[in-house]
There are 2 protein chains.
Amino acid sequence: MITVDEALEKLFTLVAPLESEEVPLAEAVGRVLACDLAARRDQPPFAASAMDGYGVREDEAQPGARLKVIGEAAAGHGFDGVVNPGQAVRIFTGAPLPAGASRVIIQEDVSRSGDQITLNDNLDPKPHIRPKGCDFGVGEVMGAPRVLRPADIALLASMNNATVPVTRRPVVALISTGDELVMPGETPGPDQIIASNTFGLKALLEGLGARARILPIARDNIPSLETAFGLAAGADLVVTIGGASVGDHDLVGQVAGQMGMDRAFYKVAMRPGKPLMAGRMSGAAMVGLPGNPVSAMVCGQVFLAPMIRAMLGLGAQRSSRLTARLAAPLPQNGPREHYMRARLTPEGLVAETRQDSSLLSVLAEADALLVRPVNDPARAVGDKVEYLDF
Amino acid sequence: MITVDEALEKLFTLVAPLESEEVPLAEAVGRVLACDLAARRDQPPFAASAMDGYGVREDEAQPGARLKVIGEAAAGHGFDGVVNPGQAVRIFTGAPLPAGASRVIIQEDVSRSGDQITLNDNLDPKPHIRPKGCDFGVGEVMGAPRVLRPADIALLASMNNATVPVTRRPVVALISTGDELVMPGETPGPDQIIASNTFGLKALLEGLGARARILPIARDNIPSLETAFGLAAGADLVVTIGGASVGDHDLVGQVAGQMGMDRAFYKVAMRPGKPLMAGRMSGAAMVGLPGNPVSAMVCGQVFLAPMIRAMLGLGAQRSSRLTARLAAPLPQNGPREHYMRARLTPEGLVAETRQDSSLLSVLAEADALLVRPVNDPARAVGDKVEYLDF
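What counts as what
- Residues numbered from 1 in each chain as written.
- Chains lettered and ligands numbered in written order.
- Predicted model: local features only at pLDDT ≥ 70, side-chain atom pairs only at ≥ 80, totals over all residues.
- Heavy atoms only, no water.
- Helix = DSSP H or I, 4+ residues; strand = E, 2+ residues; numbered from the N terminus.
- Rg over C-alpha atoms; globule rule 2.2 N^0.38 Å.
- Contact = heavy atoms within 4.5 Å.
- Areas by Shrake-Rupley, 256 points an atom, 1.4 Å probe, with all protein chains shown as cover.
- Lys, Arg positive; Asp, Glu negative; His and termini not counted.
- Charge placed at Lys NZ, Arg CZ, Asp CG, Glu CD.
- Buried area = accessible area lost by both parts, 1.4 Å probe.
- Salt bridge = Lys/Arg side-chain N within 4 Å of Asp/Glu carboxyl O.
- Polar contact = N/O pair within 3.5 Å; in protein donor to acceptor, adjacent residues only side chain to side chain.
- Nonpolar A, V, L, I, M, F, W, Y, C, P; charged D, E, K, R; others polar.
- Least-squares fit on C-alpha atoms with pLDDT ≥ 70 in both.
- Disulfide = S-S within 2.5 Å.
- Pairing = 2+ DSSP bridges.
- Axes fitted to C-alpha atoms, helices over the stretch in contact; angles between N-to-C directions.
- Buried < 20%, exposed > 50% of the residue type's maximum accessible area, 1.4 Å probe, protein only.
- Domains from an automatic or database assignment.

**A few points about the overall build of chain A**
The helix and strand inventory of chain A stands at seven helices and 28 strands. Taken over the C-alpha trace, chain A has a radius of gyration of 31 Å; the compact-globule value for 390 residues is 21 Å, which it surpasses by more than 25%. On the principal axes, the C-alpha backbone points of chain A span a range of 95 × 50 × 40 Å. Long-range contacts, defined here as pairs at least 24 residues apart, represent 68% of the contacts in chain A between residues at least 6 apart. If you sum the accessible surface of chain A, you get close to 15,200 Å²; carbon and sulfur atoms cover 50% of it. Across chain A, 37 positive and 44 negative side-chain charges occur, with their mean positions spaced 2 Å apart.

Structural data, given as structure tokens:
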């Protein structure tokens with residue numbers, strides 16, 4: 001058996017960053033910016049008023065000054081003339097500052113009568129001007145890689161980028177294996193259960209930026225597995241769930257091997273999720289996850305999520321961990337890294353009482369995977385521990 | 001002017017939880033479960049083996065016991081007979097436990113020769129059986145409302161729910177207003193800038209579960225605004241951006257009023273984002289946001305996000321706040337609640353130096369909105385402050 005970190009290192013050798021594609025800006029949120037993207041213009045493209053008021057010459061911005069209003073500058077409609085001594089221009093927020101004007105007097109500081117204004121005694125001292133390019137200048141770049149957030153989308157719009165180069169979404173083919181499985185909505189036989197892993201993993205992986213295809217369930221025989229692997233053609237990553245253990249009925253590794261899988265490793269010292277298999281096959285990465293529902297989801301978080309991020313160009317790193325204090329003690333851990341289902345409470349992190357890897361009801365109530373290192377000693381209330389947000 | 005909390009209270013009176021719709025399970029992640037959903041079966045539906053091994057009678061599980069293997073139970077293929085004294089059944093993980101068997105001896109604890117097994121000297125004392133219904137029983141419910149996470153999707157699959165009742169996504173119509181705006185990809189005139197707010201808000205609102213429609217830019221004249229409002233028909237929430245201030249060119253409130261808007265309020269004591277307008281119009285909620293890009297995005301986070309959550313049935317509550325220590329001091333705040341763009345650093349929260357509401361480049365670098373209450377005194381390094389995750 002190898003450690004979780006060793007397994008991750010090997011998994012990273014199976015994948016590489018994918019190529020980029022151009023998408024409309026309105027579809028780019030959550031995608032990964034694939035290369036540095038430059039502003040196509042200055043913002044603002046001119047010195048602009050930051051308030052509604054009057055554009056004047058700085059040396060005339062004195063209490064009691066009387067000025068003649070010679071025109072108006074609105075957003076989208078600048079004033080073409082020049083503000084000469086004794087003159088002012090009515091100006092609105094976002095409007096270009098007219099030539100000659102070097103300060104905006106806010107309208108609250110002005111008394112107006114016809115085309116004459118008088119500046120009040122207490123003038124707001126700020127110029128209320130946004131210099132040209134004060135937000136960004138033409139050629140300034142948003143750096144890649146970067147997972148695009150809503151504020152980035154607004155910034156890219158403002159830079160006049162109507163389309164965005166993003167890394168293509170990795171395509172993941174999900175294959176459940178087992179004679180015991182039927183799809184949700186079917187009527188299971190007396191010895192059967194409902195396939196749940198592919199649905200949970202699809203939701204998990206698509207949240208990370210992948211596209212997941214749920215393939216037909218593969219049965220515990222060679223032709224059925226061959227058919228399923230054939231249907232995975234074109235995927236960047238083929239994930240099988242179940243059938244990777246040592247039981248006599250576990251044919252996945254055998255069939256994958258016959259189909260040319262170059263196996264990178266077989267078992268990882270972790271709980272839940274010991275039976276893990278990985279390699280490359282027909283131009284795709286292949287990972288075999290254990291069939292217990294909790295094991296499959298935990299392995300998805302621990303192994304598949306970093307692989308997806310690596311394919312998206314976000315680097316080859318394990319899922320980032322947070323720290324919290326324990327609100328309940330923990331016994332010593334054994335020789336396998338343990339990902340315990342846990343809840344974040346106001347008092348701290350509490351591991352769930354029931355940790356059996358078949359219990360989806362426990363997993364659904366958990367919001368953290370508490371990481372116990374190999375041979376971690378017993379831990380007391382208040383000890384700092386690491387966890388994965390779940 | 002009213003406070004942010006008063007404004008939110010009024011905004012909540014403009015919206016109500018939307019009706020539910022049934023979606024395929026594979027499309028349900030991130031949606032809001034609209035009513036309690038019951039398990040259609042027990043899981044596991046039978047007492048099942050948790051390991052690969054041999055099913056035996058508990059009273060015969062003794063070191064050195066010799067038993068005859070009379071058959072095999074695999075996942076999906078149970079053993080029909082009964083395990084009588086002196087007998088054992090080969091069993092695999094997930095298989096139904098045969099009648100008569102009450103314990104599973106893991107295969108590592110067994111020596112086999114032909115159809116005879118001998119139990120080893122040191123037997124793992126655990127029964128390795130998952131009782132029927134130990135994950136959940138038929139009729140056990142997942143409670144609504146609940147934003148469905150990947151583990152919930154797996155659990156709902158396991159409960160045999162092929163479709164899920166979720167709250168319909170609120171439809172939001174986004175209208176930018178202003179003669180100065182052009183769409184990304186166009187060539188702006190010398191006095192023009194690129195419309196960015198609708199793109200940023202669409203990304204923000206869709207991440208919260210809404211569907212956002214970007215409408216054509218409305219110009220600063222009555223017919224153009226009437227056309228835009230007409231195109232918003234069918235939306236649950238109509239959002240205008242810009243044109244809600246006091247400037248002479250701000251016609252949005254006037255046109256909305258002519259079209260029947262019942263105005264709930266006009267201005268909120270906050271920075272950025274003072275000019276805010278809201279009411280109901282033609283069966284939809286209507287909110288007028290300020291046009292400064294940062295103001296629009298901050299108001300989206302502070303006001304629109306809670307409205308979306310309320311429409312999704314998640315309750316009428318302001319966006320949840322986190323706390324952090326300051327890593328840099330802050331001056332006293334004025335009479336308006338201030339949402340400062342800030343960054344979370346290892347040392348604590350640091351407000352950005354430049355807080356002008358036109359600076360999208362600053363917003364894109366921020367990962368927090370630091371909340372300064374009205375008249376908050378000066379704050380020192382190490383003081384605890386509240387912020388919104390951004």
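**Let's talk about the interface of chain B and chain A**
At the junction of the two partners, chain B supplies 75 residues and chain A supplies 74 residues. Buried surface at the junction of chain B and chain A, summed over both partners, amounts to about 5,600 Å²; 55% is from carbon and sulfur atoms. On the chain B side of the contact with chain A, Arg130, Asp135 and Asp191 of chain B bury the most area, a combined 9% of that side's loss. Viewed at the interface, chain A and chain B are joined by four salt bridges. In this assembly, chain B and chain A are joined by 30 residue pairs in polar contact (both at pLDDT 80 or more). Mapped onto the side of chain B that touches chain A, the elements with two or more residues apiece are α2 (150-158), β17 (193-194), α3 (197-207) and α7 (360-365) of chain B. Here the side of chain B that touches chain A takes eight residues from α2 of chain B, the largest share from any one element. Here the side of chain B that touches chain A is built from residues that sort into 35 nonpolar, 19 polar and 21 charged.

**Considerations on the relation of the copies chain B and chain A**
Expressed as a screw operation, the relation of chain B to chain A combines 0.0 Å of axial shift with a rotation of 180°, fitting to an RMSD of 0.0 Å. Both copies of the chain, as the preceding transformation shows, are related through a two-fold rotation axis. Scanning chain B for the C-alpha nearest the rotation axis identifies glycine 207 of chain B, at a separation of 5.5 Å. Most of the interface of chain B is mirrored in chain A: 99% of its interface residues are interface residues there too.

**A closer look at the state of the cysteines**
Under the counting rule described, the total for this entry stands at zero disulfides over all chains. With no disulfide of its own, cysteine 134 of chain B lies 20 Å from the sulfur of cysteine 299 of chain A, the closest cysteine sulfur.

**Let's talk about the sheet that holds strand β10 (residues 116-119) of chain A**
Residue and element names in this part refer to chain A. Sheet architecture is open: six strands sit in the order β8-β5-β7-β6-β10-β9, paired in mixed fashion. Here the strands that pair on one side only, and so sit at the sheet edges, are β8 (103-106) and β9 (110-113). Each strand of the sheet is rotated relative to its neighbour by a mean of 40°, with strand direction disregarded. Two elements, strand β6 (residues 66-73) and strand β7 (residues 87-91), share four bridges in a ladder whose sense is parallel.

**Let's talk about the environment of glutamate 180 of chain A**
With respect to the element layout, glutamate 180 of chain A can be found in the loop between β15 (171-176) and β16 (181-182). Relative accessible area serves as the criterion here: at 16%, glutamate 180 of chain A is assigned to the buried category. Once the C-alpha coordinates of glutamate 180 of chain A and proline 190 of chain A are considered, the two residues, ten residues apart in sequence, prove to be 9.5 Å apart. Glutamate 180 of chain A has contacts with Asp191, Gln192, Ile193 and Asp220 of chain A together with Ala75 and Gly76 of chain B, leaving out every residue within four places of it along the chain.

**Points about helix α2 (residues 150-158) of chain A**
In terms of residue burial, α2 of chain A counts as a mostly covered element, since nine of its nine residues are buried. One or two steps after α2 of chain A, the chain reaches asparagine 160 of chain A, where phi turns positive at roughly 70°.

**Considerations on the side chain of serine 358 of chain A**
Take serine 358 of chain A: it is sitting in the loop between β26 (348-351) and α7 (360-365). Within the structure, the side chain of serine 358 of chain A is placed 2.5 Å from the side chain of aspartate 356 of chain A, a separation counted as a polar contact. Polar contacts involving the side chain of serine 358 of chain A include one to the side chain of arginine 130 of chain B, which spans 3.2 Å. Excluding its chain neighbours within four sequence positions, the residues that come into contact with serine 358 of chain A are Asn292, Pro293 and Val294 of chain A together with Arg130 and Asp135 of chain B.

**Here we look at the domain arrangement of chain A**
Each assigned domain of chain A is listed here: domain 1 (4-17 + 168-311), domain 2 (22-43 + 137-166), domain 3 (48-130) and domain 4 (322-389). For domain 1 of chain A versus domain 3 of chain A, the distance between C-alpha centres works out to 68 Å.

**With respect to the sheet that holds strand β5 (residues 53-56) of chain B**
All names here are of chain B. The six strands lie next to each other as β8-β5-β7-β6-β10-β9, forming an open sheet whose pairing is mixed. What marks the edges here is a single partner per strand, and that holds for β8 (103-106) and β9 (110-113). On average, adjacent strands in this sheet sit at an angle of 40° to one another, irrespective of strand direction. Two elements, β9 and strand β10 (residues 116-119), share four bridges in a ladder whose sense is antiparallel. Bridged to valine 110 within β10 is leucine 119.

**A word on the environment of methionine 270 of chain A**
All names here are of chain A. Inspection of the secondary structure assignment puts methionine 270 in strand β21 (residues 270-271). Note on methionine 270: relative accessible area 0%, which makes it buried. What methionine 270 contacts, discounting residues up to four positions off in sequence, is Val4, Val298, Cys299, Val302, Phe303, Arg336, Glu337 and Tyr339.

**Digging into the environment of proline 44 of chain A**
Residue and element names in this part refer to chain A. In this fold, proline 44 is placed in the loop between β3 (37-38) and β4 (48-49). Counting along the chain gives 93 residues from proline 44 to glycine 137, while the straight-line C-alpha distance between them is 8.5 Å. Every residue in contact with proline 44, bar those within four places of it in the chain, is listed here: Arg130, Pro131, Lys132, Gly133, Cys134 and Asp135.

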